[in-house]
Amino acid sequence: MSEGIRVASLDDVEEGEGIAISKEVTGTEDDIAILRDEAGFCWALNDTCTHETASLADGWVEDGDVECPLHASKFNLKTGEVDGLPATQDTVAHRVEVRDGEIYLFPNEKPV
Amino acid sequence: MVASIVIVGGGIAGVSTAAALRSGGYDGDLTLVDAGEFPYDRPPLSKDYLAGKQELAALALQPAEWYDDQEIRLANRTTVAALRPAEAGVELSDGTVLPADRVVLATGAHAARPPIPGATSDRVHVLRTAEDADGLRKALLPGARLLVVGGGLIGAEAASTALGLGCEVTLVDPLTPPLAAAVGEETATWLHDLHAERGISVLTAGVDAFEETAGGIAARLNSEHAPRDFDAVLLGVGMRAETTLAEAAGLEVTGGIVVDAGQTTSNPAVLAVGDPTRRRVDGVLQRPAEHWEAAQHDGTRAAATILGTPQPEPTAAWFWTDRHGLHVEGVGRMADAGHTVVRGTPGDGPFSVFAIDDGRVVGAVAVDDTKAVRASRRMIDGRLAVDLDDLADSGTDLRKLLRAAKG
């Protein structure tokens, strides 16, 4: 298993916020949003909302979901499943690990 | 025990009701009757769909397999002829009678066509359905002269889309500025002025009459003597609740199907959700909400009523609109506020305006700043007091401000 890609320091992402990591870094089909929940845990989803073009990294993270900044579709942080319309298509969740204050992303690996 | 439910209408309210019933544990018979090929989402009809950037299939409210997965019988291309609550049934237009212990009316509304002489011309469009959008789009050729009557949400969105397609657009509304009640006077003015800045001819006028001409349609405005020539007209002047079935079934209808806080009509076996409804709270009929999320929430409430589960917590009303490349959102109430606080500078990037009453946020409207609206909604719902200077400072992180207010 790979060591993952170091994409940011934990200090770069405030609780309840997200940052987008370019697909040039992640090597994935879409940019990946690193989203940090209110408890401080990090999660990763494909960045582009499956409904219309909007960055989930700019979304509102709360109660286990990220809410799209455009039309408030909700996606489960852990699974990428749609938790609220208008989106109907689930997004992709990726595995994230935090070691020594650094965030490591494992693109296309399912979260544990 | 409720063993069969028929939902009449497949807009966001009807589909949300079906989804909420299943997620709430209802495992009985569930039928969704819809006149169209499949239930689709309407907001894009004045935006990307009208612009030809989206196919109707992309607007499906749920993928086709969802109905099978959820064991929802989608009776598409079907209409309901009559409700028969006394017999616990619903009669379809082909004479079939479906058993229905509960009926949920999600019959939507029609685009209003006021009785202006000549308004029945084929060149006078309305915009409510995909068919309406298809018809209008055919008229939106580059250089076509389009008159948009009404500068509210639909009119402004369609005018912006038509401008983007290269049409020569004129927008008339008797009110200046339109939408003041929804977004507050100052933002309404800024938004309305944007039309002229982007190249739309904006007039403060009503329309007295339309007359078909050799190759177009003339509009007589009440502000001037000579008629103006156009190729097409769009009426964006509001909606009229679809209440035919409700009235025939003897339900109470007053400018909409009257429902209680749990979406139940005057007949306890019949509920109603979304645009055709008006809620009565403490004996007072409320204005219809007429927004996407309100319809969705109605569905959640109707399902809770049928299932006997707790109603969701009420939340401040929210809507969005897009025009001239800007994303606008509003939450709560902007009218009748004590005063307003502005964050950012209108015309210079994202900005938001907060309505303040008694030191608390009661409403907000934001241009390209959805976080301000999401934060405001939580302030409104939680009745949280925040420092108004911090609120106005665009350097303040509103999430942090919210967290501090929660304590």
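Conventions and cut-offs
- Residues numbered from 1 in each chain as written.
- Chains lettered and ligands numbered in written order.
- Predicted model: local features only at pLDDT ≥ 70, side-chain atom pairs only at ≥ 80, totals over all residues.
- Heavy atoms only, no water.
- Helix = DSSP H or I, 4+ residues; strand = E, 2+ residues; numbered from the N terminus.
- Rg over C-alpha atoms; globule rule 2.2 N^0.38 Å.
- Buried < 20%, exposed > 50% of the residue type's maximum accessible area, 1.4 Å probe, protein only.
- Contact = heavy atoms within 4.5 Å.
- Areas by Shrake-Rupley, 256 points an atom, 1.4 Å probe, with all protein chains shown as cover.
- Buried area = accessible area lost by both parts, 1.4 Å probe.
- Salt bridge = Lys/Arg side-chain N within 4 Å of Asp/Glu carboxyl O.
- Polar contact = N/O pair within 3.5 Å; in protein donor to acceptor, adjacent residues only side chain to side chain.
- Nonpolar A, V, L, I, M, F, W, Y, C, P; charged D, E, K, R; others polar.
- Pairing = 2+ DSSP bridges.
- Axes fitted to C-alpha atoms, helices over the stretch in contact; angles between N-to-C directions.
- Domains from an automatic or database assignment.
- Arc of directions from axis to C-beta.
- Core = buried A, V, L, I, M, F, W, Y, C linked by side-chain atoms within 4.5 Å.
- Patch = residues over 30% accessible without salt bridge, like charges linked within 9 Å, V, L, I, M, F, W, Y side chains within 5 Å.
- Lys, Arg positive; Asp, Glu negative; His and termini not counted.
- Charge placed at Lys NZ, Arg CZ, Asp CG, Glu CD.
- Parallel < 35°, antiparallel > 145°, perpendicular 65-115°, else oblique.

**Some words on the overall build of chain A**
So, step 1. Check the secondary structure of chain A and you find 1 helix and 10 strands.
So, step 2. Computed over the C-alpha atoms, the radius of gyration of chain A is 13 Å, within 12% of the 13 Å expected from 2.2 N^0.38 for a compact globule of 112 residues.
So, step 3. Split into buried and exposed, the 112 residues of chain A put 54% on the buried side.
So, step 4. Here the analysis covers contacts within chain A between residues at least 6 apart in sequence; of these, 37% occur between residues at least 24 apart.
So, step 5. Only carbon and sulfur atoms are counted for the fraction: they give 44% of the accessible area of chain A, which is about 5200 Å².

**Considerations on the interface of chain A and chain B**
So, step 1. Across the boundary between the two partners, chain A contributes 21 residues, which contact 28 residues of chain B.
So, step 2. Summed over both partners, the interface of chain A with chain B comes to about 1900 Å²; 46% of that surface belongs to carbon and sulfur atoms.
So, step 3. If you sort the residues of chain A by the area they bury against chain B, W60, H71 and L85 of chain A come out on top, with a joint share of 35%.
So, step 4. Taken together, chain A and chain B are joined by 5 salt bridges.
So, step 5. E14 of chain A serves as the salt-bridge partner of K400 of chain B, at 3.0 Å between the closest nitrogen and oxygen.
So, step 6. Taken together, the links from chain A to chain B amount to 12 residue pairs in polar contact (both at pLDDT 80 or more).
So, step 7. When residues of the side of chain A that touches chain B are assigned to their parent elements, the largest contribution, 3 residues, is made by strand β5 (residues 60-62) of chain A.
So, step 8. A breakdown of the residues in the side of chain A that touches chain B according to their chemical character gives 8 nonpolar, 5 polar and 8 charged.

**A few points about the sheet that holds strand β7 (residues 102-105) of chain B**
All names here are of chain B.
So, step 1. Ordered in space as β3-β2-β1-β7-β19, the 5 strands form an open sheet in which the pairing is parallel. Strands at the two margins of the open sheet, each flanked by one partner only, are β3 (73-75) and β19 (270-272). When the angles between neighbouring strand axes are averaged without regard to direction, this sheet yields 20°.
So, step 2. Of the pairings in the sheet, the one linking β7 to β19 comprises 3 bridges and is parallel in character. Across the sheet, the residue bridging to V103 is V270, located in β19.
So, step 3. Along the sheet, helix α8 (residues 292-307) makes contact with β1 (4-8), β7 and β19, crossing β19 at roughly 160°.

**Brief notes about the domain arrangement of chain B**
Residues and elements named next belong to chain B.
So, step 1. Annotation of chain B at the domain level lists domain 1 (4-110 + 239-307), domain 2 (113-235) and domain 3 (325-406).
So, step 2. Each of domain 1 and domain 2 has a C-alpha centre, and the two are 30 Å apart.
So, step 3. Taken together, the contact pairs 16 residues of domain 1 with 16 residues of domain 2.
So, step 4. Between domain 1 and domain 2, the buried area comes to about 1300 Å², and carbon and sulfur atoms account for 58% of it.
So, step 5. The largest contributions to the domain 1 side of the interface with domain 2 come from S46, Y49 and L50, which together make up 43% of the buried area.
So, step 6. The tally of links between domain 1 and domain 2 comes to 2 salt bridges.
So, step 7. Between the two partners, domain 1 and domain 2, sit 9 residue pairs in polar contact (both at pLDDT 80 or more).
So, step 8. The class makeup of the residues in the side of domain 1 that touches domain 2 is 8 nonpolar, 5 polar and 3 charged.

**Observations concerning helix α11 (residues 398-406) of chain B**
So, step 1. Among the residues making up α11 of chain B, those that are buried are L398, R399, L401 and L402 of chain B. Each buried residue of α11 of chain B lies within a common arc of 160° when the element is viewed along its axis, so the set occupies one face.
So, step 2. Each element contacted by the buried residues of α11 of chain B is listed here: β5 of chain A together with β24 (339-345), β25 (348-357), α9 (370-381) and α10 (388-392) of chain B.
So, step 3. G407 of chain B occupies a position one or two residues after α11 of chain B and carries a positive phi of about 75°.

**Looking at the nonpolar core**
Residues and elements named next belong to chain B.
So, step 1. Counting 49 residues, the largest nonpolar core has I5, I7, F354 and L391 as the members making the most contacts within it.
So, step 2. If one sorts the elements of this core by residue count, helix α1 (residues 12-23) sits on top with 6 residues.
So, step 3. Looking at which domains feed residues into this core, each of domain 1 (4-110 + 239-307) and domain 3 (325-406) gives three or more.
So, step 4. Beyond its immediate sequence surroundings of up to four residues, F354 is in contact with M334, H339, T340, V341, R343, V361, G363, A364, A372, S376, L391 and L398.
So, step 5. Core analysis: the next-biggest nonpolar cluster, separate from the first, contains 22 residues, Y49, A159, C167 and L234 among them.

**Things to note about a negative patch on the surface**
So, step 1. A contiguous patch of negative charge, built from D387, D389, D390 and D393 of chain B, is present on the exposed surface.
So, step 2. Looking at where D389 of chain B falls in the secondary structure, it is placed in helix α10.

**Points about the packing of α9 of chain B against α11 of chain B**
Residue and element names in this part refer to chain B.
So, step 1. Closest axis-to-axis distance for the α9/α11 pair is 9 Å, and the angle between their directions is 10°. With respect to α11, the axis of α9 lies roughly parallel. In this structure, α9 uses A372, A375, R378 and M379 to contact α11, whose residues at the interface are L398, L401 and L402.

**Comments concerning the side chain of T78 of chain B**
All names here are of chain B.
So, step 1. Turning to its location among the elements, T78 is positioned in the loop between β3 and β4 (80-84).
So, step 2. Only 2.6 Å separates the side chain of T78 from the backbone oxygen of N76, close enough to count as a polar contact.
So, step 3. Those residues within four positions of T78 in sequence are excluded, and the remaining contacts are V33, D34, A35 and L92.

**With respect to the sheet that holds strand β22 (residues 318-323) of chain B**
All names here are of chain B.
So, step 1. The strand order across the open sheet built from 5 strands is β22-β23-β26-β25-β24, with neighbouring strands paired in antiparallel fashion. One side of each edge strand has no neighbouring strand; the edge strands of this open sheet are β22 and β24. Across this sheet, the average inter-strand angle for adjacent strands is 15°, counted without regard to direction.
So, step 2. Direction of pairing for β25 relative to strand β26 (residues 360-367): antiparallel, over a ladder of 7 bridges. Bridged to A355 within β26 is G363.

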